[in-house]
Amino acid sequence: MTARTTRVARRTSAAVGVAATAALLAGCAEELPTPAADEPFEGPVLTMEQETAVVQDVGSVLEQAGEESDPKILRERVGGPAYEVRRSQIKVAEARGDDSLVTQIPTELRAAIIPTTESWPRVTYTITQPTENLEVPRMVAYQQESARDNYKLWSWVQLIPGTTMPNFADPEAIGSEEVAADDDSLTVTPADAVAQYADLVTKGPEESEYADAFELPGDSQDLVKRIQADARNVRGADTFDAADGRYRLAFAARDEPLTVRTSDGGAVVMGVLDGNVRLDVEEGGTIPPLTETQSALLEGEDETNELYVEYTDQVALYVPPAGSEEPMRPLGYSHVAVDAANEIPSERNTDR
């Protein structure tokens, strides 16, 4: 027998032995029990300790990006409209040499709202303590795109002074239900609520058909009052009128707001408005930037007879349950310019 024939015979013999052993084990093995399915989990997707860790991790990234004046650092833990706004604030702070216009987001929490969503994306919400200089608390949303992603800061608003927040489910034991953008268990769907508020912001209470659908704060300023007051101040200036000036504005709702159920069956809706303001005066005239933020965003461009400013505005609304006669209420907002130019473009951010 040759060496090659011997090696083949050994391999064949070994293979037969392994097969026989496997057959013997298969014959002697007991049938394995089928695991019983667990009961579906119905509860908060995060513990309070995990939520606190998310808030602190995001806070560290915000601090680092501000200290280094580097918006790219934000990408790690900031997304959505929050990224657009924070990037603009860092740019403005660097141009001014002053970070006083950068929104503080405290990591000390007054409350947490943790939904029960088992699928992705997942969103959690917090209400912060007042800032160190006693500015109003913020309502903040953090979103996780998939199981492998970190939670990122998605949106924030400054709560309107004096506003009464609705109640939510116990965050540690029950958790609050997420609500879809087209959910019809409310007086209007979340998507429609933000769209109607955008119309009210643009046209004001005197002209918007949705004015009666909202209860605006009496003594405090919400986004509607702020936008309309800015417009009146410019339009009412004698020099602007003498220069045949025009002041136009538009705000439009983005799709897919974030929505979470309240204990009374209503919901808090956090949405985004794309906005722009367009000013022009007669030929030969000039329009200077109206704020320090606008001046920083213009980056020294020569003044012309036109001024264009874009905003990414974050809003929070309370929407009552279907059948309620209670109106919707604005709870908070963030109004931040993110771009400016000395020429009005043909395509604007509200067109998308």
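First things first, this report covers the structure right here in the doc. Here the structure is a predicted model, which means the values were calculated and not measured. (Residues numbered from 1 in each chain as written. Predicted model: local features only at pLDDT ≥ 70, side-chain atom pairs only at ≥ 80, totals over all residues. Heavy atoms only, no water.)

### Here's the deal with the pattern of salt bridges
Under the defined criterion, the tally for this structure stands at 13 salt bridges. Linking D98 and R96 is a salt bridge whose minimum nitrogen-to-oxygen distance equals 3.5 Å. E292 is the salt-bridge partner of R96, the closest N and O atoms lying 2.7 Å from each other. With a gap of 196 residues between them, R96 in helix α3 (residues 80–96) and E292 in helix α7 (residues 292–298) connect regions that are remote in the sequence. Salt bridges sharing common partners tie together E84, R254 and D274. (Salt bridge = Lys/Arg side-chain N within 4 Å of Asp/Glu carboxyl O. Helix = DSSP H or I, 4+ residues; strand = E, 2+ residues; numbered from the N terminus.)

### Comments concerning a negative patch on the surface
A cluster of acidic residues, D182, D184, D255 and E256, forms a negative patch at the surface. What makes D184 exposed here is its relative accessible area of 67%. (Patch = residues over 30% accessible without salt bridge, like charges linked within 9 Å, V, L, I, M, F, W, Y side chains within 5 Å. Areas by Shrake-Rupley, 256 points an atom, 1.4 Å probe, with all protein chains shown as cover. Lys, Arg positive; Asp, Glu negative; His and termini not counted. Charge placed at Lys NZ, Arg CZ, Asp CG, Glu CD. Buried < 20%, exposed > 50% of the residue type's maximum accessible area, 1.4 Å probe, protein only.)

### Thoughts on the packing of helix α4 (residues 190–203) against helix α5 (residues 223–235)
Remark: α4 packs on α5, axes separated minimally by 8 Å, with the N-to-C direction vectors making an angle of 30°. Relative to α5, the element α4 is oriented roughly parallel. The way α4 lies across α5 gives a crossing that is right-handed. Contact residues: α4 offers Y197, L200, V201, T202 and K203, while α5 offers L223, V224, I227 and Q228. Class assignment for the residues of the contact of α4 with α5 results in six nonpolar, two polar and one charged. (Axes fitted to C-alpha atoms, helices over the stretch in contact; angles between N-to-C directions. Parallel < 35°, antiparallel > 145°, perpendicular 65-115°, else oblique. Left-handed = near helix turned anticlockwise from the far one by under 90°. Contact = heavy atoms within 4.5 Å. Nonpolar A, V, L, I, M, F, W, Y, C, P; charged D, E, K, R; others polar.)

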